[in-house]
Amino acid sequence: METETLLSSFVKLLVSDVERSAAFYEALGFKRLRSDPPFLQLRWENQAEVYLVKAPAALPVEGRRGAGVLIGIRVGALGVEEVAARAQALGVSVDGPTRQPWHTREIVLADPDGYRLNFIEPA
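Conventions we followed
Residues numbered from 1 in each chain as written. Predicted model: local features only at pLDDT ≥ 70, side-chain atom pairs only at ≥ 80, totals over all residues. Heavy atoms only, no water. Buried < 20%, exposed > 50% of the residue type's maximum accessible area, 1.4 Å probe, protein only. Helix = DSSP H or I, 4+ residues; strand = E, 2+ residues; numbered from the N terminus. Pairing = 2+ DSSP bridges. Core = buried A, V, L, I, M, F, W, Y, C linked by side-chain atoms within 4.5 Å. Contact = heavy atoms within 4.5 Å. Axes fitted to C-alpha atoms, helices over the stretch in contact; angles between N-to-C directions. Arc of directions from axis to C-beta. Polar contact = N/O pair within 3.5 Å; in protein donor to acceptor, adjacent residues only side chain to side chain.

*Asks:* Quick one: what's the story with the pairing of strand β7 (residues 104-110), residue by residue and with numbers?
*Replies:* Within β7, five of the seven residues are buried, which leaves the element mostly enclosed by the surrounding structure. Pairing geometry for strand β6 (residues 94-100) and β7, over five bridges, is antiparallel. Among the inter-strand pairings, V94 is bridged to a residue of β7, identified as L109. Between the end of β6 and the start of β7, which pair antiparallel, lie three residues, with H103 showing a positive phi angle near 70 degrees.

Okay, structure coming up:
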């Protein structure tokens, strides 16, 4: 069961539309914990937290976000196949699942702002 306890690690993503991004992440399986504009807090299976932050007008963020970075998320009970199916239902292109030499199966997909998410399970 998910709790209100803050996890020790998280990622903040500057996004163009917080609610649009939240709907995307929730459709994948993230749970909304708190919304306190300009940010919204989401959690994945009590293991990973993502804060969606409205990009400030004074800091325009253009082009694809997070180039060269994969945000890794261990899927837990849901499995990469289910996450891939949910993403594809949203019209999102999914790379994988790919079996990696480090004994994982992984998929990679991009959120509405172009951040690349890497969902991982043991192989």
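That shown, we press on.
*Asks:* Pulling in residues and values, what's your account of the nonpolar core?
*Replies:* For soluble globular proteins, the rule of thumb is that nonpolar side chains tend to be buried together. Membership of the largest hydrophobic core comes to 28 residues, with the highest contact counts inside it found for L28, F30, L52, L109 and F119. Of all the elements in the fold, those that place two or more residues in this core are β1 (11-15), α1 (18-28), β3 (39-44), β4 (48-54), β5 (70-74), α2 (80-89), β7 and β8 (116-122). It is α1 that provides the largest number of residues to this core, a total of five residues. Leaving out residues up to four positions away in the same chain, L109 has contacts with F24, L28, V83, A87, V92, S93, V94, Y115, R116, L117 and F119.

*Asks:* Can you lay out the sheet that holds β6 for me, pointing to particular residues and giving the numbers?
*Replies:* Taken in spatial order, the four strands make up an open sheet running β5-β8-β7-β6, and their pairing is mixed. The open sheet has two edge strands, β5 and β6, and neither has a second partner. Geometrically, the sheet is characterised by an average inter-axis angle of 25 degrees between neighbouring strands, direction not taken into account. Examined bridge by bridge, β5 and β8 share five bridges and lie parallel to one another. For I71, the partnering residue across the bridge sits in β8 and is L117. Here α1 sits on the sheet in contact with β7 and β8, set at roughly 15 degrees to β8. Contacting β6, β7 and β8, α2 crosses the sheet at an angle of about 15 degrees to β7.

*Asks:* Provide a residue-level description of α1, including the pertinent values.
*Replies:* When α1 is considered as a whole, its buried residues turn out to be V18, S21, A22, F24, Y25 and L28. End-on view of α1: buried residues confined to an arc of 160 degrees, all on one side of the axis. Its side-chain oxygen 3.2 Å from the backbone nitrogen of E19, D17 forms the N-cap of α1.

*Asks:* Residues and numbers for α2, please.
*Replies:* Note that an α-helix has 3.6 residues per turn; residues three or four places apart therefore point the same way. Residues of α2 that are buried: V80, V83, A84 and A87. Each buried residue of α2 lies within a common arc of 100 degrees when the element is viewed along its axis, so the set occupies one face. Packing partners of the buried residues in α2 comprise α1, β3, β6, β7 and β8. G91 sits one or two residues past α2 and shows a positive phi near 85 degrees.

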